[in-house]
Amino acid sequence: MMRPLSLAPHLNNTGLTGEDELDGGGFNIWGNTFPAGELPPAGGTAVVGEVPFLFPVAGADNVRCRGQRVDVPAGDWDWVHVLGAAERRTEDLVEVHYADGSVRGQWLRMSDFWPQTEPRFGEVLAFRCRHMHYPRHVQRTTSPAIWAQRVPLTVPSGVVALVLPDNPALHVFALTLQAVG
Amino acid sequence: MTAAQLTFSPCDLPLDGRLVEVGPGRYDWVHLHLSAPVGEAAVWLHYRDAVDPEFLRSLPGTPVARIGVPRRAELLAVELPVLPGVRLLGTALS
């Protein structure tokens, strides 16, 4: 069983723009963005490798990781599936918080959105766009990527929250829990 | 898959930092039957093209630990932690 999570309270970055609003976002410091028209419709469900992700609505559409706490519904969870990309590749710890107050770390590794290479960390390529948006033009020779990564929950019971890394190079578009079994 | 549903291949090895080979393949979990519960230790997953640290933790109240295998890549071996007095009694892959 898969359970997509809403990231709506945490969305703090606009990484997708249309060609008529090229300067309307800024996935990185240079204002580059993904072309929204080449990605799933805003607010829809995108299935990547049998994992359904709630694709974000228009506007702020991803979480630039700054230690946000994402509540987890009750259940026994095996995996956290992560739809995301990084400004340069990065790996950092997600804190997994439990009902008894314990906290366990798990590695989250995410490849760079920019270079047109294979994933560095064995992720699934979720989307490869054909263009990159700059604030004042469309770059038709650059093909940014969004990756589907997964984070194991070594202790599956009693998880109440995930605390994302304090790492602004890491961007998360969607999270989906996978139940044990 | 729960620990009770697993069939462990028996062994008896010290946790002394050794490399334990697995049948090369793509897996979700490496399950370890240990001689005693382990709170937390680092293990290294050796893939064909990469080596990553991951966490080894026993399921609460049991001597069974499970290690997630995040990469969609061929796993070749698990580098065990150094934990004097703890032994590996069986492995299972899923």
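First, a word on scope: everything that follows refers to the structure included in this document.

What counts, and where the lines are drawn
- Residues numbered from 1 in each chain as written.
- Chains lettered and ligands numbered in written order.
- Predicted model: local features only at pLDDT ≥ 70, side-chain atom pairs only at ≥ 80, totals over all residues.
- Helix = DSSP H or I, 4+ residues; strand = E, 2+ residues; numbered from the N terminus.
- Rg over C-alpha atoms; globule rule 2.2 N^0.38 Å.
- Buried ≥ 20, exposed ≤ 12 C-beta atoms within 10 Å, placed from the backbone.
- Contact = placed C-beta atoms within 7 Å.
- Pairing = 2+ DSSP bridges.
- Axes fitted to C-alpha atoms, helices over the stretch in contact; angles between N-to-C directions.
- Nonpolar A, V, L, I, M, F, W, Y, C, P; charged D, E, K, R; others polar.
- Core = buried A, V, L, I, M, F, W, Y, C linked by C-beta atoms within 7 Å.

**Some thoughts on the overall build of chain B**
Reasoning step 1: Scanning chain B for helices and strands turns up zero helices and eight strands.
Reasoning step 2: Along chain B, from the amino end to the carboxyl end, the secondary structure elements read β-β-β-β-β-β-β-β.
Reasoning step 3: Its C-alpha radius of gyration of 12 Å places chain B within 12% of the 12 Å reference for a compact globule of 94 residues.
Reasoning step 4: In terms of its C-alpha atoms, chain B occupies a principal-axis envelope of roughly 35 × 30 × 20 Å.
Reasoning step 5: Classification of the 94 residues of chain B by burial places 23% in the buried group.
Reasoning step 6: Long-range contacts, defined as pairs at least 24 residues apart, comprise 80% of the intrachain contacts of chain B with a sequence gap of at least 6.

**With respect to the overall build of chain A**
Reasoning step 1: Along chain A, the regular secondary structure elements total zero helices and 16 strands.
Reasoning step 2: Sorting the 181 residues of chain A into buried and exposed places 44% on the buried side.
Reasoning step 3: Sequence separation of at least 24 residues holds for 73% of the intrachain contacts in chain A that already meet a minimum separation of 6.

**Details of the sheet that holds strand E9 (residues 90–98) of chain A**
Residues and elements named next belong to chain A.
Reasoning step 1: The strand order across the open sheet formed by four strands is E7-E15-E9-E10, and the pairing between neighbours is antiparallel. The open sheet has two edge strands, strand E7 (69–71) and strand E10 (103–110), and neither has a second partner. Neighbour-to-neighbour, the strand axes of the sheet open up by a mean angle of 30°, direction not taken into account.

**Regarding the interface of chain B and chain A**
Reasoning step 1: Contacts between the two partners involve 13 residues from chain B, matched on the other side by 14 residues from chain A.
Reasoning step 2: When residues of the side of chain B that touches chain A are traced back to their parent elements, those giving at least two are strand E5 (51–58) and strand E6 (64–68) of chain B.
Reasoning step 3: Here the residues of the side of chain B that touches chain A sort into six nonpolar, two polar and five charged.

**A closer look at the nonpolar core**
Reasoning step 1: Within the largest apolar cluster, 39 residues are counted, with the highest numbers of intra-cluster contacts made by Leu83(A), Ile146(A) and Val172(A).
Reasoning step 2: Top contributing element to this core by residue count: strand E8 (residues 77–86) of chain A, with seven residues.
Reasoning step 3: What Ile146(A) contacts, discounting residues up to four positions off in sequence, is Leu83(A), Ala85(A), Phe113(A), Ala126(A), Phe127(A) and Phe173(A).
Reasoning step 4: Grouped together as the second largest cluster of nonpolar side chains are 15 residues, Val43(B), Phe55(B), Val69(B) and Leu75(B) included.

**What about the pairing of E10(A)?**
For a regular strand, side chains alternate in direction, first toward one face of the sheet and then toward the other.
Residues and elements named next belong to chain A.
Reasoning step 1: Alignment of E9 against E10, held across eight bridges, turns out to be antiparallel. The residue of E10 that forms the bridge with Glu 91 is Arg 109.
Reasoning step 2: Counting the residues in the hairpin turn of E9 and E10 gives four residues, including Gly 101, whose phi is positive at 90°.

**A closer look at the sheet that holds strand E1 (residues 9–16) of chain B**
Residues and elements named next belong to chain B.
Reasoning step 1: With respect to topology, eight strands assemble into an open sheet ordered E1-E8-E3-E6-E5-E4-E7-E2, the strand pairing being antiparallel. Where the open sheet ends on each side, the last strands, each with one partner, are E1 and strand E2 (19–25). Neighbour to neighbour, the strand axes of the sheet diverge by 30° on average, direction disregarded.
Reasoning step 2: Bridge count between E2 and strand E7 (residues 75–79): four bridges; the pairing is antiparallel. Across the sheet, the residue bridging to Leu 19 is Glu 79, located in E7.

**Here's the deal with the environment of Asp71(A)**
Reasoning step 1: With respect to the helices and strands, the residue Asp71(A) is situated in strand E7.
Reasoning step 2: Sequence-wise, Asp71(A) and Val57(A) are 14 residues apart; in three dimensions their C-alpha atoms are separated by 20 Å.

**Topic: the environment of Cys11(B)**
Reasoning step 1: Inspection of the secondary structure puts Cys11(B) in strand E1.
Reasoning step 2: Once residues lying within four places of it in the same chain are set aside, the contact partners of Cys11(B) are Leu88(B), Leu89(B), Gly90(B) and Thr91(B).

**Focus: unusual backbone geometry**
Residues and elements named next belong to chain A.
Reasoning step 1: One non-glycine residue, Glu 50, adopts positive backbone phi at about 75°.
Reasoning step 2: Mapped onto the elements of the fold, Glu 50 is located in the loop between strand E4 (45–48) and strand E5 (51–54).
Reasoning step 3: With 8 C-beta atoms packed within 10 Å, Glu 50 lands in the exposed category.
Reasoning step 4: Phi is positive for Arg 88, close to 65°, though the residue is something other than glycine.
Reasoning step 5: Examined against the element boundaries, Arg 88 turns out to sit in the loop between E8 and E9.
Reasoning step 6: According to the C-beta neighbour criterion, Arg 88 is partly exposed, with 13 such atoms within 10 Å.

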